[in-house]
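Spelled out, the chains give:
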Number of protein chains: 2
Amino acid sequence: MKRFFSKKEGMSTLAKIWEDHLRARGYRLTKARRAVLETMASETGHRTPEEIHRQARWRYRKLGLVTVYRTLALLERLNLVQRVHQGKMRCHSFAAVRLEKGHHHQLICRTCGHVEEFPDCALDRTLRKLQARTGFAIESHHLEVVGQCPKCQ
Amino acid sequence: MKRFFSKKEGMSTLAKIWEDHLRARGYRLTKARRAVLETMASETGHRTPEEIHRQARWRYRKLGLVTVYRTLALLERLNLVQRVHQGKMRCHSFAAVRLEKGHHHQLICRTCGHVEEFPDCALDRTLRKLQARTGFAIESHHLEVVGQCPKCQ
DNA sequence: TTTGTTATTGAAAATAGATTTCATTTAGCG
DNA sequence: CGCTAAATGAAATCTATTTTCAATAACAAA
Ligand SMILES: [Mn+2]
Ligand SMILES: [Mn+2]
Ligand SMILES: [Zn+2]
Ligand SMILES: [Zn+2]
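Keep in mind the model is a prediction, meaning the values are calculated, not measured.

(A) View of the protein's contact with DNA strand D. In the vicinity of DNA strand D there are 20 residues, among which Thr30(A), Thr67(A), Arg70(A), Leu29(B) and Tyr69(B) approach most closely. Taking Arg28(A), its side chain carries an N or O atom lying 3.3 Å from a base nitrogen of DNA strand D. Elements with a minimum of two residues in the surface near DNA strand D: helix H3 (31-42) and helix H5 (65-77) of chain A together with helix H5 (65-77) of chain B. When grouped by side-chain class, the residues that make up the surface near DNA strand D number eight nonpolar, four polar and eight charged.

(B) Representation of helix H2 (residues 13-24) of chain A. All names here are of chain A. The terminal C-alpha atoms of H2, which comprises twelve residues, lie 17 Å apart, in line with the 16 Å expected from a rise of 1.5 Å per residue. Here H2 has its buried residues at Leu14, Ala15, Trp18, Glu19 and Leu22. Buried residues in H2, looked at end-on, bunch into an arc of 140°, giving them a common side. Set apart from the buried face of H2 by more than 90 degrees, the exposed residues are Thr13 and Ala24. On its buried face, H2 sits against H3, H5, strand E1 (81-84) and strand E2 (93-96). Immediately beyond the C-terminal end of H2, within one or two residues, lies Gly26, with a positive phi of roughly 85°.

(C) Quick peek at the coordination of the manganese ion (ligand 2). All names here are of chain A. Donor atoms from the polypeptide that coordinate the manganese ion (ligand 2) comprise His103 (NE2), His105 (NE2), Cys121 (SG) and His141 (NE2), at 1.9 to 2.3 Å from the metal. All donor residues of the manganese ion (ligand 2) come from one chain, and their arrangement in sequence is H-x1-H-x15-C-x19-H. Of this pair, His103 sits in the loop between E2 and strand E3 (105-109) while Cys121 is found in the loop between strand E4 (115-118) and helix H6 (124-134), placing the two residues 18 residues apart along the sequence. Given a relative accessible area of 43%, His103 falls into the partly exposed group. What makes Cys121 buried here is its relative accessible area of 3%.

(D) Seen up close, the protein's contact with DNA strand C. Close to DNA strand C lie 21 residues, the nearest being Leu29(A), Tyr69(A), Thr30(B), Thr67(B) and Arg70(B). Atoms of DNA strand C within 4 Å of the protein belong to the sugar or the phosphate in 70% of instances, the rest to bases. In this structure, a phosphate oxygen belonging to DNA strand C sits 3.5 Å away from a side-chain N or O atom of Lys62(A). A distance of 3.3 Å is found between a phosphate oxygen of DNA strand C and a backbone nitrogen or oxygen belonging to Gly64(B). Residue assignment for the surface near DNA strand C shows that the elements contributing at least two residues are H5 of chain A together with helix H3 (31-42) and H5 of chain B.

(E) View of the side chain of His104(A). Residues and elements named next belong to chain A. Residue position: His104 is located in the loop between E2 and E3. Relative accessible area serves as the criterion here: at 11%, His104 is assigned to the buried category. There is a polar contact of 3.3 Å between the side chain of His104 and the side chain of Glu117. If we skip the residues at most four places from it in the chain, His104 touches Gln82, Val97, Leu99, Glu117, Phe118 and Pro119.

(F) Just the relation of the copies chain B and chain A, in detail. The two copies are related by a screw motion: chain B maps onto chain A through a turn of 179° and a shift of 0.0 Å along the axis, at an RMSD of 0.1 Å. What we have between these two chains is a two-fold relation. Of the C-alpha atoms belonging to chain B, the one lying closest to the rotation axis is found on Leu143(B), 2.2 Å away. A symmetric contact is evident, with 100% of the interface residues of chain B recurring at the interface of chain A.

Rules behind the numbers
- Residues numbered from 1 in each chain as written.
- Chains lettered and ligands numbered in written order.
- Predicted model: local features only at pLDDT ≥ 70, side-chain atom pairs only at ≥ 80, totals over all residues.
- Heavy atoms only, no water.
- Near = heavy atom within 4 Å.
- Polar contact = N/O pair within 3.5 Å; in protein donor to acceptor, adjacent residues only side chain to side chain.
- Helix = DSSP H or I, 4+ residues; strand = E, 2+ residues; numbered from the N terminus.
- Nonpolar A, V, L, I, M, F, W, Y, C, P; charged D, E, K, R; others polar.
- Expected span 1.5 Å × (residues − 1).
- Buried < 20%, exposed > 50% of the residue type's maximum accessible area, 1.4 Å probe, protein only.
- Arc of directions from axis to C-beta.
- Contact = heavy atoms within 4.5 Å.
- Donors = N, O, S within 2.8 Å, 3.2 Å for Na, K, Ca; no water.
- Least-squares fit on C-alpha atoms with pLDDT ≥ 70 in both.

Here's what the structure looks like:
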């Protein structure tokens, strides 16, 4: 197999963690999956399935787009990647989840797509009041913050 | 033209406001548009374009699905309806914007789709800190809260 | 009212995105 | 090495959305 990335540069720590995660749950580690894992782990930006496919094919030429969809679905189920909605646009991009465990949200650069995560939304108080006022049983919330990263300003 | 809704029950205040809004900007008030406006204004729930089409056809039989898409795009541009993403699912539903002017968010019932709006997310402090920490120039944020409404619990 | 202009419409075709099917391949295990 | 079930890729299919275009109708002006 022709290799386009050396082992060292191609394989981030995050990708290794994800591989262990998959192995532990009995999923097979195929070349196709590795290519997608490493691609997703290698950047903080959010990308569409097509973009991910284009990038991942540098790691594994034969990779099919279908498998990208299937792998993203798997990674999403395992909470290793997240869908990015970004307001109106770009409804179906994906980004790596970098904060291990627990509740967090995304800060997205509208220019370059760079995604930064943060754990502290401090909405508890607001949501408790909202729950009291409306009678809703609040179960979850989703917050996305959009702006421009330092580089893009 | 056969009428399925009496003028009184068919035409909410909100729909009237929206009509004025369109007229003021030089858009023509066609039967097709009225049907979509009134349908969107008549319920707080979020619905897909297909669902909206099915409902709006009770008001105007000949209405085409294309026009529903076009009218929703228009209403979205004018900030009279909003897209609802609801976490993973239902990426392309729409709901009426009921809070005139200004910043607000949605509280969505995951069972019946009922949408309640609220103006006070109290995120300013959080976002200011986030901006200071990350160097991002924060421009906007999008918050969606999901739960069960009093009826559905 | 009638008329003219032009935005808007609906049907059909085209596009795009995502999923299903299925024969073939391969990871992981003895 | 084989075995076997899981996983893959190509093609077919499905679904949602957009584009095209001739026909219609809103609305302003006469
Ligand atoms: Mn979405
Ligand atoms: Mn939060
Ligand atoms: Zn950026
Ligand atoms: Zn409900």
